[in-house]
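Okay, here's what each chain looks like letter by letter:
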Amino acid sequence: EKGVDGLFVDNVDVYYMAAEEGLYDGDDEDIYYGVENILESLAAMDTYVCINGGDTFVWEYFDRDGDLSDITDAINQTNVFSSILDYENNVFGRASDDDHEYFTEYIEMCADECIDVYLLEYTTDADLIAEIDAYCREMEFAYYVSPSGGLVAGEADAETTPVIVPEDNEVD
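These remarks concern the structure in this document. (Residues numbered from 1 in each chain as written. Predicted model: local features only at pLDDT ≥ 70, side-chain atom pairs only at ≥ 80, totals over all residues. Heavy atoms only, no water.)

**Examining the overall build of the protein chain**
Inclusion rule: Numbering of helices and strands starts at the N terminus; helices are DSSP runs of H or I of at least 4 residues and strands are runs of E of at least 2. Only protein chains enter the area calculation, which uses a 1.4 Å probe; residues under 20% of their type maximum are buried, those over 50% are exposed, and those in between are partly exposed. Here, two residues are considered to be in contact whenever any of their heavy atoms come within 4.5 Å of each other. All accessible areas in this document rest on Shrake-Rupley with a 1.4 Å probe, and a residue is counted as covered only by the protein chains that are shown.
Per the secondary structure count, the protein chain includes five helices and eight strands. Counted from the first residue to the last, the protein chain has its helices and strands arranged as β-α-α-β-α-β-β-β-α-β-α-β-β. The buried share of the protein chain, reckoned over its 172 residues, is 39%. Considering only residue pairs separated by 6 or more positions, the protein chain has 64% of its internal contacts joining residues 24 or more positions apart. For the protein chain, the computed accessible surface area is about 10100 Å², with 45% contributed by carbon and sulfur atoms.

**Quick look at the environment of G6**
By secondary structure assignment, the location of G6 is in strand β1 (residues 6-9). The partly exposed category is assigned to G6, whose relative accessible area is 26%. C-alpha separation for the pair G6 and T47, spaced 41 residues apart in sequence, amounts to 5.4 Å. Among all residues touching G6, those that are not within four sequence positions of it are T47 and Y48.

**Considering the layout of surface pockets**
For the record, the criterion: For each structure, a 1 Å grid was placed over the protein atoms alone; sets of points admitting a 1.4 Å probe that cannot get out are labelled cavities, open sets with protein on both sides within 12 Å along at least five of seven lines are labelled pockets, and lining residues have an atom within 4 Å of a point. Grid points are joined across faces, edges and corners, and a volume is the space filled by probe spheres set on the points. In this classification, the charged set is Asp, Glu, Lys and Arg, the nonpolar set is Ala, Val, Leu, Ile, Met, Phe, Trp, Tyr, Cys and Pro, and all remaining amino acids, among them Gly, are polar.
Here the second largest pocket defines a volume of roughly 350 Å³. Lining of the second largest pocket is provided by 18 residues; of these, G53, D55, Q77, T78 and F103 occupy positions nearest its centre. Residue assignment for the lining of the second largest pocket shows that the elements contributing at least two residues are α3 (55-65), β3 (74-78), β4 (82-86) and α4 (97-112). For the lining of the second largest pocket, a count of residues per class yields three nonpolar, eleven polar and four charged.

Interpretation in functional terms is not warranted from these geometric data alone.
Right under this line is the structure:
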């Protein structure tokens, strides 16, 4: 009734912060089951759910429960190919080899589980953009390359900012 056609779930990385960084004094399992409960409840609403980041939780859920479709329809992952070196001054680089390998394995696992994959990259490097484009076309992933860390509306030039959506997906 509100015209919502999906949910973009941010801050799922709270599980990483608790489990990996030790920033939670309680039991990590409390965070796991809390995030699981929230995502399963959202997925049960019969609307499109996209998890932003949250790779540590999604991996853990996959290892424990196996069926990602119980919690999400899609994942959005940043910096698979790129990195932000200086957010305020829009200085970008390439992702480290370790980060690139880890996130590539993660997004391909999600795709293998029939979860839609969206990438958000930050770069103005034409060679890196071409690499991102080739990979996403081959894998049929949607992506957006931002020339700014701020993602300010209207900042991107529609003529030069790469966006690709696989043929079986629609964008309004």
